[in-house]
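# Analysis of the macromolecular model
Residue-level listing of the chains:
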Amino acid sequence: MSLYDDAVVVLKGIEGQDELRQAYLDHLEAHPDGMWKACAAGHVTASALVIDPGHGRVLLTLHRKLRMWLQMGGHCEPGDATLEAAALREATEESGIAGLTLLPGGPVRLDRHPIPPPCHCHFDVQYAVVAVPGAVQEISDESLDLRWFAYDEVARVADDSVVRLVAATRARL
């Protein structure tokens, strides 16, 4: 199964966010290259919120280009077999934390947002990953900073999409 096919299957299985889910599916149907950064009309991305449920906190990255506190994530790559694999790869690369595990149940939510050119639009499939106890983060080239925030601190530093992701992740816990 290709990454494109995996994305279609995953999206069809998501409950809720029906209108947005259909927009993702319509985008992929209209753009066979819609999984890749080169698709000028927008493309699917995979992200993951790194959580430490034992301490009630999440790890956010201060994104180098956007200068915003966000979850880990980014573009799918040809070596990614699934969206889950892409999200886990991005979370591991950007957090520097080995041994992350996906929160069961598939994607936590969807979020479509504009991005400065050349990307234009991301159709983000958002997962959550659990950090091992005592995990130590390491800043990557894509980040200005990495910091743990208590669940209730996120609204003070991040935008509404991250706040919604944290809330949906906490509901799943």
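Residues numbered from 1 in each chain as written. Predicted model: local features only at pLDDT ≥ 70, side-chain atom pairs only at ≥ 80, totals over all residues. Heavy atoms only, no water.

## Examining the packing of aromatic side chains
Taken as a whole and judged by the stated rule, the model has 2 aromatic pairs. For the pair Tyr-24 and Phe-123, a centre-to-centre distance of 5.2 Å together with 85 degrees between the ring planes defines the contact as edge-to-face. On the criterion of sequence distance, the pair formed by Tyr-24 in helix 2 (residues 18–30) and Phe-123 in strand 7 (residues 120–130) is long-range, its members being 99 residues apart. Here Tyr-24 falls in the buried class, since its relative accessible area comes to 0%. Between Trp-69 and Phe-149, the aromatic rings sit 5.0 Å apart at their centres with planes inclined by 75 degrees, giving edge-to-face as the arrangement. Pair noted here: Trp-69 is in strand 3 (residues 69–70) and Phe-149 is in strand 8 (residues 143–150), with a separation of 80 residues, a long-range link. Each of the two residues, Trp-69 as well as Phe-149, counts as buried. In this arrangement the basic side chain of Arg-57 is found over the ring face of Trp-148, its NZ or CZ atom lying 4.2 Å from the centre. (Phe/Tyr/Trp six-rings, centres within 6.5 Å; stacked < 30°, edge-to-face > 60°. Helix = DSSP H or I, 4+ residues; strand = E, 2+ residues; numbered from the N terminus. Buried < 20%, exposed > 50% of the residue type's maximum accessible area, 1.4 Å probe, protein only. Lys NZ or Arg CZ within 6 Å of the ring centre and 35° of its normal.)

## Some details on the pattern of salt bridges
According to the stated counting rule, one finds 9 salt bridges in the structure shown. Linking Arg-89 and Glu-90 is a salt bridge whose minimum nitrogen-to-oxygen distance equals 3.0 Å. For Glu-90, a relative accessible area of 5% translates into the label buried. Between Arg-147 and Asp-145 there is a salt bridge whose closest N-O contact spans 2.7 Å. (Salt bridge = Lys/Arg side-chain N within 4 Å of Asp/Glu carboxyl O.)

## Digging into the nonpolar core
By size, the foremost hydrophobic cluster in this structure holds 34 residues, and its most contacted members are Leu-11, Met-35, Val-50, Leu-83 and Val-125. Put simply, the parts of the chain that give this core at least two residues each are helix 1 (3–13), helix 2, strand 1 (43–52), helix 3 (83–95), strand 7 and strand 8. Every residue in contact with Met-35, bar those within four places of it in the chain, is listed here: Leu-3, Tyr-4, Ala-7, Leu-28, His-43, Val-44, Cys-76 and Leu-83. Ranked by size, the runner-up nonpolar core spans 17 residues in total, among them Ile-51, Leu-103, Ala-128 and Phe-149. (Core = buried A, V, L, I, M, F, W, Y, C linked by side-chain atoms within 4.5 Å. Contact = heavy atoms within 4.5 Å.)

## Some details on the pairing of strand 7
Burial analysis of strand 7 places 9 of its 11 residues in the buried class, the great majority of the element. Relative to strand 7, strand 5 (residues 101–102) is paired through 2 bridges, and the arrangement is antiparallel. Bridge pairing in strand 7 places Thr-101 opposite Val-130. Here strand 6 (residues 109–115) folds back onto strand 7 in antiparallel fashion, the turn holding 4 residues. (Pairing = 2+ DSSP bridges.)

## Let's talk about the environment of Pro-107
Tracing the chain through its elements places Pro-107 in the loop between strand 5 and strand 6. Along the sequence, Pro-107 and Leu-146 sit 39 residues apart, while their C-alpha atoms lie 23 Å from each other. Apart from residues no more than four positions distant in its own chain, Pro-107 is found in contact with Val-10, Ile-14, Val-125, Gln-126, Tyr-127 and Arg-172.

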